[in-house]
Amino acid sequence: MKFTKMQGLGNDYIYFDCMQGAPENPEALSVRLSQPHFGVGADGIVLILPSDVADFRMRMFNADGSEGKMCGNASRCIGKYVFERGLTDKTDLTLETRSGIKRLHLTLEGGVVTSVSVEMGAPQVRAVGATLTAGGVQYRYTDISVGNPHCVLFVKGVDDMDIETPGRQIETHENFPERTNVEFVEILDRHQLKMRVWERGSGETLACGTGACASVVAAVANGLCDRDVTVHLLGGPLTIQYLPDTQLLMTGPAAFVFDGEYKEEDLPC
């Protein structure tokens, strides 16, 4: 079956054009293909499907096979994919996700999609200044939903942190029965944040669009930044606008990596 690997700021997924049919058991397929040495290597897989209520529908699966509700970086990549692969000629699209319908706007230069803006919807601020204890350490966090759950921690010296240990512990903490994404955020100034992310089901990744949005919402809720912010991730910067009507607009790049084809008998067990 043919696939395309794409990345948004280093958040890489394996994309399947499923307009004529989808692979069976995508949960197991994601686990097998995401392996870095025996598979393709990725943060998971994304299926691009027809929709009855939008231009396209997205299903995304993490590297551990769990299905996510929404992925901002994957949404941007889908916008680039469907336009440049001739599935649409629209530059304003709707995308059905498990967390609702998202609107995409494509910016073009010479017929090439150079950036994609995604209307992420209105976030839910579920807790500000809550505390939890993990691994004997107490953390103060802000709980945000951007279609998927995020636990945002404000820290200093994020570049030098070991986020794996607290990331694993907080992801599966009893406060989050469905597990959570964990953002470690350093405030640079009123318009700039630096973020590293431990993603639910994938571990540390180079970027997370919903995590960047959640970090800005949490920083605003705590009075730490303004509403027009650049979030610096390991994979590069995202622009997040937290609009006065509480809607979120995320803008950033998307890129093709390579095309490929796999045979079922060649996949690792």
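Residues numbered from 1 in each chain as written. Predicted model: local features only at pLDDT ≥ 70, side-chain atom pairs only at ≥ 80, totals over all residues. Heavy atoms only, no water.

J.: Would you take a moment to explain the nonpolar core for this structure?
T.: The nonpolar side chains of a soluble globular protein tend to be buried, and buried together. Counting 52 residues, the largest nonpolar core has Tyr-15, Val-231 and Ile-240 as its most contacted members. For Ile-240, the contacting residues outside a window of four places in its chain are Ala-212, Cys-213, Val-216, Arg-227, Asp-228, Val-229, Val-231, Leu-248, Leu-249 and Met-250. (Core = buried A, V, L, I, M, F, W, Y, C linked by side-chain atoms within 4.5 Å. Buried < 20%, exposed > 50% of the residue type's maximum accessible area, 1.4 Å probe, protein only. Contact = heavy atoms within 4.5 Å.)

J.: Would you take a moment to explain the layout of surface pockets for this structure?
T.: One way to see where empty space is left: roll a probe the size of a water molecule over the atoms. For the largest pocket, the calculated volume is near 240 Å³. For the largest pocket, the lining is made up of 17 residues, of which Arg-126, Pro-149, Glu-178, Arg-179 and Arg-200 are closest to its centre. Taken together, the residues of the lining of the largest pocket break down into 3 nonpolar, 6 polar and 8 charged. (1 Å grid on protein atoms, 1.4 Å probe; cavity = no way out; pocket = protein on both sides within 12 Å on 5 of 7 lines; lining within 4 Å. Points joined across faces, edges and corners; volume = space filled by probe spheres on them. Nonpolar A, V, L, I, M, F, W, Y, C, P; charged D, E, K, R; others polar.)

J.: Mind showing me how you'd approach helix α1 (residues 26–34) here?
T.: Residues that lie three or four places apart on an α-helix share one face, since the helix turns once every 3.6 residues. Residues of α1 that are buried: Pro-26, Leu-29, Ser-30, Arg-32, Leu-33 and Ser-34. On the buried face of α1, the contacting elements are β2 (11–17), β3 (44–49) and β4 (56–62). (Helix = DSSP H or I, 4+ residues; strand = E, 2+ residues; numbered from the N terminus.)

J.: Quick question: what am I supposed to make of unusual backbone geometry here?
T.: Keep in mind that most residues, glycine aside, have a negative phi and that most peptide bonds are trans. Look at Leu-9: it is not a glycine, yet its phi comes out positive at around 60°. A relative accessible area of 8% means that Leu-9 is categorised as buried. Although it is not a glycine, Arg-179 sits at a positive phi angle of roughly 65°. Turning to its location among the elements, Arg-179 is positioned in the loop between α3 (164–171) and β12 (181–189).

J.: Can you walk me through the packing of aromatic side chains in this structure?
T.: Applying the stated criterion to the full structure yields 4 aromatic pairs. Between Phe-3 and Phe-258, the ring centres sit 6.3 Å apart and the planes meet at 75°, which makes this aromatic pair edge-to-face. Of this pair, Phe-3 sits in strand β1 (residues 2–8) while Phe-258 sits in strand β18 (residues 255–261), placing them 255 residues apart in sequence. Here Phe-258 falls in the partly exposed class, since its relative accessible area comes to 36%. Between the aromatic rings of Phe-16 and Tyr-262, the centroid separation amounts to 6.3 Å while the plane-to-plane angle is 90°, which identifies the pairing as edge-to-face. Remark: Tyr-262 occurs in the segment after β18 and Phe-16 occurs in strand β2; sequence separation between them is 246 residues. Here Tyr-262 falls in the buried class, since its relative accessible area comes to 12%. Positioned over the ring face of Tyr-242 is Arg-227, at 4.2 Å from the centre of the ring. (Phe/Tyr/Trp six-rings, centres within 6.5 Å; stacked < 30°, edge-to-face > 60°. Lys NZ or Arg CZ within 6 Å of the ring centre and 35° of its normal.)

J.: Before we go on, may I ask you to explain the side chain of Thr-180 in this structure?
T.: Relative to the assigned elements, Thr-180 resides in the loop between α3 and β12. Since its relative accessible area comes to 0%, Thr-180 is described here as buried. Within the local environment of Thr-180, its side chain forms a polar contact with the backbone oxygen of Pro-149, the two atoms lying 3.4 Å apart. Those residues in contact with Thr-180 that sit more than four places away from it in its chain are Pro-149, His-150, Cys-151, Ile-170, Glu-171 and Arg-200. (Polar contact = N/O pair within 3.5 Å; in protein donor to acceptor, adjacent residues only side chain to side chain.)

J.: Help me understand the environment of Gly-223, please; the structure alone is not making it clear to me.
T.: Note that Gly-223 resides in the loop between α4 (209–221) and β15 (228–233). With 33 residues separating them along the chain, Gly-223 and Arg-190 place their C-alpha atoms 9.4 Å apart.

J.: Is there a simple way to think about empty space enclosed by the protein in this case?
T.: Applying the stated criterion across every chain yields a total of 1 cavity of 30 Å³ or more. Of the pockets and cavities examined, the largest cavity occupies roughly 90 Å³. For the largest cavity, the full set of lining residues is Tyr-13, Met-60, Asn-62, Gly-68, Lys-69, Met-70, Cys-71, Asn-148, Asn-181, Glu-199, Arg-200 and Thr-210. By residue class, the composition of the lining of the largest cavity is 4 nonpolar, 5 polar and 3 charged.

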